Amino acid sequence: MIPVTPMMRQYKDIKKKHGDALLFFRVGDFYEMFYDDAKTASKVLGITLTSRSKGDNAVPMAGVPHHSAHTYIHRLIKAGYKVAICDQMEDPEEAKGVVERDVTRIITPGTLTDDLLLKDKDNNYLLAIFANGESAGLSWVDLSTGKFQAQDIPTTQLIDEFARLRPSECLLSEEMVTSKGEQPFASALNAMITPLPGWVFARDTAYQTLKEHFGTASLEGFGCESLGPSINAAGAVIHYLKETQRTSLKHISKIERFSNQDYVILDRTTQQCLELLETMRTHEKDGSLLGVLDQTLTSMGGRLLKQWIISPLKIPEEIRYRQDGVRELFKDSILRNELREMLKGVYDIERISTKVSCARANARDLVSLKQSLAVLPKLKEKICTCASVILKSLGENLDPVEEVRILIGTAIVPDPPHTIKDGGMIREGYDQDLDELHHIRKSGKNWIANFQAEEIKRTGINSLKVGYNRVFGYYIEITNTYKDNIPQTYIRKQTLKNAERYITPELKDYETKVLTADERAKELEYDIFGRLREEVSSHTKRLQKTAEVIATLDVISTLAHVAAENGYGMPEITDGLELNIIDGRHPVLDKIMDNFVPNDVAIDGAQTMMVVITGPNMAGKSTYIRQVALLVLMAQMGSFIPAKQATIGVVDRIFTRVGASDELASGQSTFMVEMNETANILNNATNRSLIVLDEVGRGTSTFDGLSIAWAITEYIYEHIKARTLFATHYHELTEIELLLPCIKNYNIAVKEWGDEIIFLRKIVEGGADKSYGIHVARLAGIPREVLDRAKTLLANLEANSLDINNKPKFVPSEDKKTSASGGPAQLSIFAPKEEGVLQSIKELDIPTLTPLDALNKLNELKKKLST
Ligand code: ADP
Ligand code: MG
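Enquirer: How would you summarise the site of ligand 1 if you had to cite specific residues and measurements?
Expert: Every one of the 13 residues lining ligand 1 counts as a neighbour, but V597, M618, K621, S622 and T623 are closest to it. Backbone polar atom of G620 to an oxygen atom of ligand 1: 2.9 Å apart, as the coordinates give it. T623 places a side-chain nitrogen or oxygen 2.5 Å from an oxygen atom of ligand 1. Its free accessible area being 560 Å², ligand 1 has 79% of it covered by the protein chains. Take the shell around ligand 1: its biggest share by element is three residues, from helix α23 (residues 621-637).

Below, the structure is given as structure tokens:
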């Protein structure tokens, strides 16, 4: 066997340290991959798999040209791989022995900074989780913007927080990954899992890592000193970034403490059911709330809007603070349009300043930054004159970072190239040395012209020409007609068909000077650019703050714009428990339908707390209850809402659950999922929450379903007292209004027209008393025969399921027996316990009982009932 070459030994050493990434190993103009990496890459990228060496030593190999490497890397990342870039650390021509190489960067889904790999309006989060029994620590960073946050939460909230953040990569300790249990949620949510050794998460190490990164003696200054397990997670984040980025992380200049206590909590299911960021079935933005609201003009605004949607506020003053700004721009359409026109000219200052700080920005990025900053002085002037506190303070805080704009303006040409190695970036007059080199290069052209004229004069050969090609450099070309007039000093270089080419020592001297001037100019430009970028990066913090102001201004102007475009009104926010909306519309359907029917909701939080909505399929129940939840959420974002008038007492959480058959079936029994989720509501809701239940209980048989729906309603009424909307096609559930105060029945009006039914989509008080399922079936085109048979069956069923008072055969639980429904008890449904007691009574042999026995027995029976 032939021994391994030094280069392959080097490869193996480097690969050993980066086992979980595909290693892009720079060899000349290519990045090569070997062994399994080569096989994987050739499969994923469709590139040819070749081999290095032959026979026993054959090593699978695949390569991509270095100048187009980014497109391949892009595809590998999308396909779920990490890529480690291994570059040549010295000029191969100067290397003694094998060229020194090292990994310069590891690209992973959670640590992207390249425009090509990121979506403008999405944050890209790297999340670390440290679970410590009951409590867990989360920390997340968007490397492309520098925003770094941490939060301690109860372990039970992990999944919901995970759903809120939607990280693209998740760091866990190795033990956590192998102990299972923690992992399924991550895979369910599509994140790459990266295990790290346990010591990275150790508190002391993590704390130390953070202090070192920020260069501080503690985390006091960030208000993070007292954080629990999220310190461990935050330390792991920084550790991992250092490991993978190998560049300055200066732009991560602070760590912020996040608390979901400050925001309305939306668990994962609620986020999905309400279709906040994407639709449930197709996962598209179109058709979601975001789709309606996102008229932002900057990427920064786009990202912030998403955060506002998934983390609405719950303190009335904070909401009003935003509302005031929205209202001001809503009313002043001239100002609004002016501002929005200006915002259009602002590029992604946040991400550009990150690229600057990581030394990955090119001259075009700087020009975009300059153009963006140029908009700001006028923008600032405009908003400083605003009346609302929020806009005024945005105006005051808007730092146009003039120095940077001027610096870039004087140094960089208006339309520089993409690459920073080929010159053409720096303006004339910025650097003397550079100007001189350019002068030599340019005067070269004149010199050549002069030289040519001189030579023609000297030799008398009129067709003498000076030319240039890559192989010979400058040459003198003379056609064969003048073959005999060639001066002695000419040195022949090349023979063509009709001419000969010559050089002279003088010409070659000049060539060297001109060509090296060009090379030196390029090198110098690269240096100047590097220094300039460095200089700009010293303003990173200010640029980040400016970006934040722009984002907020963009979102506020967007909410005003959407409100004005769609005829929204401003809700009144209170800290009461009411929920009154007049003529509310569903934000999404309102936009796509011409004749959407507005509806009211009237929950005063005292007389009415819960609403049961009945009506046939397709009547509009689901739409209505989602609409109410969406309007509350929009109101608490600070937005206007599609309604004529509204008074909304802030909610602390919104829970939405949809009965099984509306959701795509998953592995678990859907009914089980439904019940799990309902249990989550019953355990976590408070009297400030908003609960929206859509056909919960449907995932099982009718009687089970109805019983469960009934029991849930009772429980919410008795123990939680939260504002609740319950849509159901079990019209029997309307009975509950008679039993419990604070529950109101609504139904969706339907008109019968002969055998037809017409959906009026109007919510009215009272319960629906008929199921129109069969009519709906007919609308859908079910054959006549089937419909007739269904009618007969329904008639039979109804006859059997009503009691003597024509009420459905349901009873309330024991203590409410005396209420309006009266009726004989069908104990088999609700009361197995009572049945046991009855049985015991039946079995009593009264004649043999002493009075004391009887009392004891009575006591025992009573106990049985109350356990
Ligand atoms: P249900 O839950 O009662 O079966 P949905 O809420 O799913 O009914 O509504 C069915 C369809 O009715 C919706 O897709 C929509 O097209 C229409 N719809 C619902 N509410 C309204 C309304 N207020 N105005 C106009 N059309 C509506
Ligand atoms: Mg429905």
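Continuing now.
Enquirer: Would you mind going over unusual backbone geometry in detail, with residue names and values included?
Expert: With a phi angle near 70 degrees, C742 is a residue other than glycine that sits in the positive phi range. Along the polypeptide, C742 turns up in the loop between α26 (736-739) and β26 (743-753). Here the phi dihedral of R761 falls at roughly 65 degrees; this positive angle occurs in a residue that is not glycine. Mapped onto the fold, R761 is located in strand β27 (residues 756-765). Note on R761: relative accessible area 33%, which makes it partly exposed.

Enquirer: Let's hear about the side chain of R105: which residues, and what values?
Expert: Mapped onto the elements of the fold, R105 is located in strand β6 (residues 101-107). For R105, a relative accessible area of 10% gives the class buried. Looking at R105, its side chain comes within polar contact range of the side chain of D114, at 3.2 Å.

Enquirer: Can you break down the packing of helix α12 (residues 299-310) against helix α21 (residues 540-566) residue by residue, with the values?
Expert: Taken N-terminus to C-terminus, the directions of α12 and α21 make an angle of 70 degrees; their axes are 8 Å apart at the nearest point. Classified by the interaxial angle, the pair formed by α12 and α21 is roughly perpendicular. In this structure, the crossing between α12 and α21 has a hand that is right-handed. Contacts between α12 and α21 pair M300, G301, G302, L304, L305 and W308 from the former with A547, I550, A551, T552, D554, V555, I556 and L559 from the latter. Partitioned by chemical class, the residues of the contact of α12 with α21 number 10 nonpolar, three polar and one charged.

Enquirer: Describe the sheet that holds strand β4 (residues 59-65), with residues and values.
Expert: Either a parallel or an antiparallel arrangement is found when strands of a sheet pair, and the pairing is made through backbone hydrogen bonds. Spatially, the six strands line up as an open sheet ordered β3-β4-β2-β1-β5-β6, and their pairing is mixed. Of all strands in the sheet, those bounded by a partner on one side alone are β3 (50-52) and β6. Here the strands of the sheet are splayed against their neighbours by 40 degrees on average, with no regard to which way each runs. Alignment of β3 against β4, held across three bridges, turns out to be antiparallel. Among the inter-strand pairings, T50 is bridged to a residue of β4, identified as M61.

Enquirer: Run through the pattern of salt bridges, naming residues and quoting values.
Expert: Across all of its chains, the model carries 37 salt bridges by this definition. In this structure, K119 and D122 form a salt bridge, with 3.9 Å as the shortest nitrogen-oxygen distance. Across the pair D518 and R441 runs a salt bridge whose closest N-O atoms are separated by 2.7 Å. Taken as a pair, D518 in helix α20 (residues 505-537) and R441 in helix α19 (residues 432-459) lie far apart in primary sequence, 77 residues in all.

How each quantity is defined
- Residues numbered from 1 in each chain as written.
- Chains lettered and ligands numbered in written order.
- Predicted model: local features only at pLDDT ≥ 70, side-chain atom pairs only at ≥ 80, totals over all residues.
- Heavy atoms only, no water.
- Near = heavy atom within 4 Å.
- Polar contact = N/O pair within 3.5 Å; in protein donor to acceptor, adjacent residues only side chain to side chain.
- Areas by Shrake-Rupley, 256 points an atom, 1.4 Å probe, with all protein chains shown as cover.
- Helix = DSSP H or I, 4+ residues; strand = E, 2+ residues; numbered from the N terminus.
- Buried < 20%, exposed > 50% of the residue type's maximum accessible area, 1.4 Å probe, protein only.
- Axes fitted to C-alpha atoms, helices over the stretch in contact; angles between N-to-C directions.
- Parallel < 35°, antiparallel > 145°, perpendicular 65-115°, else oblique.
- Left-handed = near helix turned anticlockwise from the far one by under 90°.
- Contact = heavy atoms within 4.5 Å.
- Nonpolar A, V, L, I, M, F, W, Y, C, P; charged D, E, K, R; others polar.
- Pairing = 2+ DSSP bridges.
- Salt bridge = Lys/Arg side-chain N within 4 Å of Asp/Glu carboxyl O.

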